[in-house]
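Chains, contacts and geometry: an overview
Spelled out from the first residue to the last, the chains are:
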Amino acid sequence: MKAEISTLEVSFNQILETLIAKKAENEEFTIKLNCERSQFTRLNHAKIRQTGYVADGWVELTLMANQRSSFRQFPFTGNSETDWQAAYKALQELRDELPVLPSDTYLVLPSGNNTSREVNTGSLLTADVLVPNILEQVNELDFTGIYAGGIAIRAYGDSCGQKHWFATDSFTLDYSLFIASGQAVKGIFAGSNWDTAAYTAKISEGKKLLKLLSSAPKELPRGQYKTYFAPAAVADLLGMLSWGAVSEADIQQGNSALAVLSRQEKQLSPAFSLKENFQRGLVPRFNELGETAAPELPIIDNGKLVNTLINSRTAKEYKKIANGANSSETLRAPEISPGNLVYEQILPSLDTGLYVSNLHYLNWSDRPKGRITGMTRYACFWVENGEIVAPIENLRFDESLYRFWGENLVDFTNFQEFIPEVGTYESRQLGGSLVPGMLVDDFTYTL
């Protein structure tokens, strides 16, 4: 694999050198590489349904001249001769296109001389032992899931000579355990090193929840209930902040759910702290312009908004200072700080209320007020006197983040879980969220 990564890097460098040599004096450009070598294995009823190896990649070339820009994507083969010819053809097409495009007042040109090279090697299961290692623990269960693992590469280069190379080994196993009634326990196991003991513990936990699902579900009237949210559910709520919340452009344009927090009209709980943390090596620190974010960037510190995500375009438009955010100003490596609630005290501290493992269908119901709506899903339970007594029917909720991360936040757990991005549309997604579980008073369920 190291030899293949080296070959791919040589071909990418060849593209960059060719474009620098061929560009006109008034032209600037950026190139971005997305490449992977991945094993995909789909499982159903604890049997293989589909398996295969994917070698894929593409380069996006953006050409800029006379305050105009356009881009082309072309396949990345790893063959230097083929790849640089495709790059030169794309350059010529873009030259013909630029003069007929409108000018862009806030176009940001590449600048600086940043370079970086980061290769994170892991220990993944090889194809010949992958299936036995996964299925040995679940062969008596209705186990359905997809494994995606291998090397993923992101790279950047531009006309100023900036160059970044990022490669990482990682895997995700996104699975569900079903019972005959159709109820299910959902789990995600991920990382850069396959740990059999950790996987066994994860499946054992799922089996326990599966037994609890077999009793008749309890219907609950709408109302407010004390609720424990497992880390996967916390990650779902956190994901909403990338959709019109932490972006400086959204705040400036009046679209942000954190606008009142930014104006200091409201404050979240002192127990709530959020930061971007790139030090786990799961996503690159560089963005689409080769700018490098700090290893850590605090966003909410003890309930107060201390930074937003600002890219260079937003900085130019609103006279702010950029901090290496991506083009959409979304979270790439978020981490919520842990609290004091220990694992053994989750149910006793909940006492009577809801244990929520997962959520889905999240959306803003009132963005200016930070209200989020969504539904419970997978292995959610009614708890009485610190004991799980029955699974629940799915509930819809509608609640403000200023309540569940504000005055109604009881505590976060003293442990965190990494909840990975598992999307594979167009390419394997990288990164994820490092989050604790959380206990909340009077969470509002509407249906």
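Below, the structure is looked at part by part. A quick note: this is a predicted structure, and the numbers were derived from the prediction, not measured.

Calculation rules
- Residues numbered from 1 in each chain as written.
- Predicted model: local features only at pLDDT ≥ 70, side-chain atom pairs only at ≥ 80, totals over all residues.
- Heavy atoms only, no water.
- Helix = DSSP H or I, 4+ residues; strand = E, 2+ residues; numbered from the N terminus.
- Contact = heavy atoms within 4.5 Å.
- Lys, Arg positive; Asp, Glu negative; His and termini not counted.
- Charge placed at Lys NZ, Arg CZ, Asp CG, Glu CD.
- Salt bridge = Lys/Arg side-chain N within 4 Å of Asp/Glu carboxyl O.
- Buried < 20%, exposed > 50% of the residue type's maximum accessible area, 1.4 Å probe, protein only.
- Pairing = 2+ DSSP bridges.
- Axes fitted to C-alpha atoms, helices over the stretch in contact; angles between N-to-C directions.
- Left-handed = near helix turned anticlockwise from the far one by under 90°.
- Expected span 1.5 Å × (residues − 1).
- Polar contact = N/O pair within 3.5 Å; in protein donor to acceptor, adjacent residues only side chain to side chain.
- Phe/Tyr/Trp six-rings, centres within 6.5 Å; stacked < 30°, edge-to-face > 60°.

Moving on, we get to the overall build of the protein chain. The number of helices and strands found in the protein chain is 10 helices and 20 strands. When contacts within the protein chain are restricted to residue pairs at least 6 apart in sequence, long-range pairs at least 24 apart make up 72% of them. Here the protein chain holds 41 positive side-chain charges and 53 negative ones, and the gap between their average locations is 2 Å.

We now examine the pattern of salt bridges. Inspection of every chain in the model, using the stated rule, returns 15 salt bridges. Here Glu60 and Lys32 are joined by a salt bridge, their closest N and O atoms 3.1 Å apart. Of this pair, Glu60 sits in strand E2 (residues 47-65) while Lys32 sits in strand E1 (residues 28-44); the two residues are 28 residues apart in sequence, bridging distant segments of the chain. For Glu60, a relative accessible area of 12% corresponds to the buried category. Judged by its relative accessible area of 23%, Lys32 falls in the partly exposed class. A salt bridge links Glu140 to Lys207, with the nearest nitrogen and oxygen atoms 3.3 Å apart. Within this pair, whereas Glu140 is found in the loop between helix H3 (127-135) and strand E5 (142-158), its partner Lys207 is found in helix H4 (residues 196-213), the two being separated by 67 residues in sequence. A single salt-bridge network, built from bridges that share partners, covers Arg72, Lys89, Glu93 and Glu97.

Where strand E9 (residues 274-277) meets strand E10 (residues 296-301), 4 bridges bridge the pair, whose relative direction is antiparallel. Pairing of Leu274 across the sheet is with Ile300, part of E10. Between the end of E10 and the start of strand E11 (residues 304-305), which pair antiparallel, lie 2 residues, with Asn302 showing a positive phi angle near 50°.

Next up on the list: the packing of helix H1 (residues 2-22) against helix H2 (residues 80-97). Where H1 contacts H2, the two axes come as close as 9 Å, and the packing angle between them is 35°. In this structure, H1 meets H2 at a crossing whose hand is right-handed. Where H1 approaches H2, its residues Val10, Ser11, Gln14, Ile15, Thr18, Leu19 and Lys22 are matched on the opposing element by Ser80, Asp83, Trp84, Ala87, Tyr88, Leu91 and Arg95.

Here we take up H1. In a regular helix each residue adds 1.5 Å, so 21 residues correspond to 30 Å; H1 covers 30 Å between its end C-alpha atoms and thus fits that length. Buried within H1 we find Ile5, Leu8, Glu9, Ser11, Phe12, Asn13, Ile15, Leu16, Thr18 and Leu19.

Secondary-structure assignment places Asp104 in the loop between H2 and strand E4 (115-120). Residue class for Asp104 comes out buried when judged on its relative accessible area of 19%. Of the polar contacts made by the side chain of Asp104, one reaches the side chain of Arg313; its length is 2.9 Å.

Quick look at the environment of Tyr225 now. By the secondary structure assignment, Tyr225 is in strand E8 (residues 223-229). Of the residues examined, Tyr225 reaches a relative accessible area of 14% and is grouped as buried. Along the sequence, Tyr225 and Asp442 sit 217 residues apart, while their C-alpha atoms lie 4.7 Å from each other. Once residues within four sequence positions are removed from consideration, Tyr225 is found in contact with Leu220, Leu354, Trp382, Val440, Asp441, Asp442, Phe443 and Tyr445.

Here we take up the packing of aromatic side chains. Under the definition given, this model contains 19 aromatic pairs. On the basis of an interplanar angle of 15° and a centroid distance of 6.0 Å, the ring pair of Tyr147 and Phe171 is categorised as stacked. Pair noted here: Tyr147 is in strand E5 and Phe171 is in strand E6 (residues 163-178), with a separation of 24 residues, a long-range link. In this structure Tyr147 comes out as buried when scored by relative accessible area, which is 1%. Arranged with centres 6.1 Å apart and planes meeting at 55°, the rings of Tyr225 and Tyr445 form a pair that is tilted. Residue Tyr225 is located in strand E8, and its partner Tyr445 is located in strand E20 (residues 432-445); the two are separated by 220 residues in the primary sequence. Three or more aromatic residues link up through ring pairs in this structure, and these residues are Tyr225, Phe229, Phe272, Trp382, Phe397, Phe404, Trp405, Phe412, Phe443 and Tyr445.

This part covers the environment of Asp174. By secondary structure assignment, the location of Asp174 is in strand E6. Residues Asp174 and Ile15 lie 159 residues apart in sequence; the distance between their C-alpha atoms is 36 Å. A polar atom in the side chain of Asp174 sits 2.6 Å from the side chain of Lys186.

The end-to-end C-alpha distance of H4, which contains 18 residues, comes to 26 Å, matching closely the 26 Å that a straight helix rising 1.5 Å per residue would cover. Two or three places before Ala197, at the start of H4, stands the capping residue Asp195, its side-chain oxygen 3.1 Å from that residue's backbone nitrogen.

As far as function goes, none of this settles anything; it's purely spatial.
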